[in-house]
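# Summary of structural features
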Amino acid sequence: MTTTEAGTTKAGGAAPTRKAAWRRSDNTFAILMILPAVLVLVAVMVYPAIVAFESSFYRINTVTRAETYVGLRNYIRVLESPQFWDAFRRSLIWTAGAMTTQMICGIGLALILHKQIRGRSFVRGLVLFPYLVPAIVAVLVWRWIFSDTVGIANWLIMDVLHLSSRPIGWFDPNWVMMSVVIMSLWKYLPYWALFVLARLQTLPTELHEAAEIDGATRWQKFRYITLPWIMPVVIVLLVLRTIWAFNEFDMVYLPAGGGPLGTTTTVPVYIRSVAFELGDIGHAAAVAMVMLVMVAVLTNVYFWVYRRAERSLN
Amino acid sequence: MSAITAGWARQAASALTLAIGLTCAATADAQQKKIVPFLTAESSPESVAQLLALIKEFEAANPGIGIELQLTSNDNRASRIINSVAVGDELGIFEIERRLVPDFTAAGYLLPLDSIVDNIGIENFIPGSLLYWPWDGHLYQFTSDLSAGTLYWRKDLFEAAGLGEPDSFERLLEASEKLDGQNGVSGNAFESSNRGNVQRFVTFLWQNCGDFYNRDGTLAFDRPGARQAVEDYAALNAFAPSGNHSWGSLDAINSFVAGRVAMALFPGRLGFQVANNAPEIARVTGNREARVARGGQGPRVVYGAVTSYAIGSTVRHPEEAKMFLEFLFSGDRLLNYAMAVPGHIAPAIKDVQARLLEQDTPYIRDYRAWVETILEATTYFNAEAQNMGSITEDCEFKKSLVPMPWASRVMVGEPVTSRMFQEIALIDRPVEEAYAAAVDAHRVAMEEWKAENAWFTPPDPNWVPPGMQ
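Residues numbered from 1 in each chain as written. Chains lettered and ligands numbered in written order. Predicted model: local features only at pLDDT ≥ 70, side-chain atom pairs only at ≥ 80, totals over all residues. Heavy atoms only, no water.

### Examining unusual backbone geometry
Inclusion rule: Each helix is a run of H or I in the DSSP string that is no shorter than four residues. Each strand is a run of E no shorter than two, and both are numbered from the N terminus. Only protein chains enter the accessibility calculation, which uses a 1.4 Å probe; a residue whose area is less than 20% of its type maximum is buried, one above 50% is exposed, and one in between is partly exposed.
Residue proline 260 of chain A is bonded to the preceding glycine 259 of chain A through a cis peptide linkage, with omega at -5°. Within the secondary structure, proline 260 of chain A is located in the loop between helix H12 (250-256) and helix H13 (267-277). Positive phi outside glycine occurs at leucine 261 of chain A, with the angle close to 55°. Tracing the backbone shows leucine 261 of chain A in the loop between H12 and H13. Relative accessible area serves as the criterion here: at 12%, leucine 261 of chain A is assigned to the buried category. Positive phi values are uncommon outside glycine, yet aspartate 428 of chain B reaches one of about 55°.

What follows is the structure, given as structure tokens:
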């Protein structure tokens, strides 16, 4: 566009005025084109964020919406609340557990699907299935699998494999987070596998062939060729999924309702509890704002790591 | 303008005209009809089909009225209702949750519904089923149906172990101890989960002469009877399946259906499900009034619940909304609704209850005694959030219609008693210590709520609600 415009300006004396007019016209056109998207973003993202920020300075009854200005008191309550810090600690554990398992298993599954196996297309389609299942359905199925009285997991462990004489308490305080991580792994594994697989399919076969000629082992080929090749995708997935996992509500809340004894109460679950059980929207908004800051910090750390990784790969 | 463009413009203009015409026609039709929104969480295809048929029947009989069925989920219902009142949206007929009633009524969000009861006749209702608002004597929630818990037990297992009918705490405990661990069966299904604990525990609490609060809004959970109930329930809970602290609403039923528990204290849905899904277990199952205090003593009272509907004060056509509510939950319509899960849905109107027992269906034929026991229990049921302080200090059951205004602080999410029993079972917290913490939690929640809600003053202690004179 610029080149064309520059060429056109050489044609006549009134060119600068016309050029300015065109530029104005282009700018106007561009603004008009992006305006709907901007308006939607303002309506569904910026405005609610401003309302939430404003609400965090009030005590607001969830039912009656009666408001009392409390200044920074909600923030002080949040930062002094042991329940909030417990929830934050659980959020970190949940996010780390979910991300680690999803990343390792996702890469593993992608490597398998990349092989020339029989019925590969069918298996690839099948792999996507858990991601298509709504969270509530996935949780209901897994609750049944992990049931202490009628669940198939305990039946396998006790009656088939004879590994234990008593049922495993999958929802006991010591096990429940692991159970939730397993449920999440089942649901989000396809997401990882498909993205990594897409990247793997762009890997030039000559690289592996050359390495084989040089006598590289399977592990060496993976470590020095495959892994660096998929790393940019893995890092992007890590950034996105970490933010989503930190904000995840349904897959954490639905299996155990935040319990037992609060052991699955992560920050989003805590926000719901404050808003709808304690009935204070303002306090809940303050927790959400603190969480927003934490996620922003986390995201920046990730992008810093991403840039470093990218530089080292280049 | 090219021919193609002109053709396109003509087609667009025609489509626009048609759309405007249709919209105008629909608007005109809507303007002629008085539309009443009806929000429900009934989501099964059978229930929705039944509701649509009833709406059609009502609209045919009342051509000027239209009922707009709005479906929601149980999880979203409360937030949807709260959001509607917050933004001043029209709120028509909706099932109201117990915890919302005090705030909604106090804030003036609900329409008085006394006239519906006047039309049906208050003498036709089960005493205590209508929840009049004690602060002004009006009715803001119309009761469609009731449910009450009864005790189901495996007669075959009891007989094989030489155990007598479980009619007292001692017999419940003896059976739980003896049967637990036999062939993969747990002693009982008395759960400590956030969802089900309160409903199971309150029968123990009340029959032991305890309560959460008195009807004047003072603490009652510190009574010796409450302490006894906690100790007894914790002793029984030790013989429930190990994961009972995280059970959902269907786990107790599934466990009984699968033959994995020897006893369960549950509303009528359990019996209906067992009869339908495991007839071989239903044939060896007994059902009786729950007597759970020591020696089978204590007042005759069990856990029950009231399902009730309200109409928002912002409704555009209040009289039409009341007409539909009355139509839907009286006469044959109420009977058909109750027959969806007989015994679990117990009609609040006496003659409909009587007619329910006369229905010729396999379940009523084979398990009529169960349904009779449950229907009888609806005459002495109590609900923790709706009937605050029904158990007097003299250990009498005098049904209170004072709702517990701070119920959402102690009964919702992670109820105080659920946490108490979970701490006892999962981290071996001593009963005395866990109980003391629960007493404090109940006290603090009450005091905090009162500090934030100046409108609350104890209702007149001599007030006798209509229908209970």
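Now that the structure is up, let's keep going.
### Considering the domain arrangement of chain A
Residue and element names in this part refer to chain A. Our working rule: These domain limits were set by an automatic method or by a database of domain assignments. Here a residue-residue contact requires only that any non-hydrogen atoms of the pair lie within 4.5 Å. Accessible area that two parts lose when put together, with a 1.4 Å probe and added across both, is what the buried area reports. When a carboxyl oxygen of Asp or Glu is within 4 Å of a side-chain nitrogen of Lys or Arg, the pair counts as a salt bridge.
The assigned domain composition of chain A is domain 1 (2-55) and domain 2 (75-313). On the domain 2 side, the residues contacting the four residues of domain 1 number four residues. The contact between domain 1 and domain 2 buries some 310 Å² in all, and 73% of this surface belongs to carbon and sulfur atoms. Contact with domain 2 buries surface across domain 1, with Ala52, Phe53 and Ser55 losing the most and accounting together for 94% of the total. Seen at the junction of domain 1 and domain 2, the total is zero salt bridges.

### Let's talk about the packing of helix H4 (residues 82-114) of chain A against helix H5 (residues 120-127) of chain A
All names here are of chain A. Formally: Geometry is summarised by axes, namely lines fitted to C-alpha atoms with helices restricted to the contacting stretch, and by angles between N-to-C directions that run from 0 to 180 degrees. By definition in this entry, angles of less than 35 degrees are roughly parallel, angles greater than 145 are roughly antiparallel, angles of 65 to 115 are roughly perpendicular, and the rest are oblique.
Contact geometry of H4 with H5 gives a least axis separation of 10 Å together with a crossing angle of 155°. In this view, H4 runs roughly antiparallel relative to H5, as classed from their interaxial angle. Residues Leu109, Leu113 and His114 of H4 lie in contact with H5, whose contacting residues are Arg120, Val123, Arg124 and Val127.

### Observations regarding the packing of aromatic side chains
Where we set the bar: For Phe, Tyr and Trp, rings pair up if their centres lie within 6.5 Å, where Trp contributes its six-membered ring, and each pair is then called stacked (planes under 30 degrees apart), edge-to-face (over 60) or tilted (otherwise).
Under the counting rule described, the total for this entry stands at 52 aromatic pairs over all chains. Consider the rings of phenylalanine 84 of chain A and phenylalanine 88 of chain A, whose centres lie 6.5 Å apart with planes at 15°: the pair is stacked. Taken as a pair, phenylalanine 84 of chain A and phenylalanine 88 of chain A lie in helix H4 at a separation of four residues, close to a single helical turn. Neither phenylalanine 84 of chain A nor phenylalanine 88 of chain A differs from the other in exposure class; each is buried. With a centroid separation of 6.4 Å and 75° between ring planes, the pair formed by phenylalanine 146 of chain A and phenylalanine 171 of chain A is classed as edge-to-face. With phenylalanine 146 of chain A in the loop between helix H7 (135-145) and helix H8 (152-160) and phenylalanine 171 of chain A in the loop between H8 and helix H9 (176-200), this residue pair connects regions lying 25 residues apart in the sequence. Of the two residues, phenylalanine 146 of chain A and phenylalanine 171 of chain A, neither departs from the other in class, the shared state being buried. Counting every residue linked through ring pairs, the aromatic cluster contains Phe38, Phe58, Tyr309, Phe324, Phe327, Phe329 and Tyr337 of chain B.

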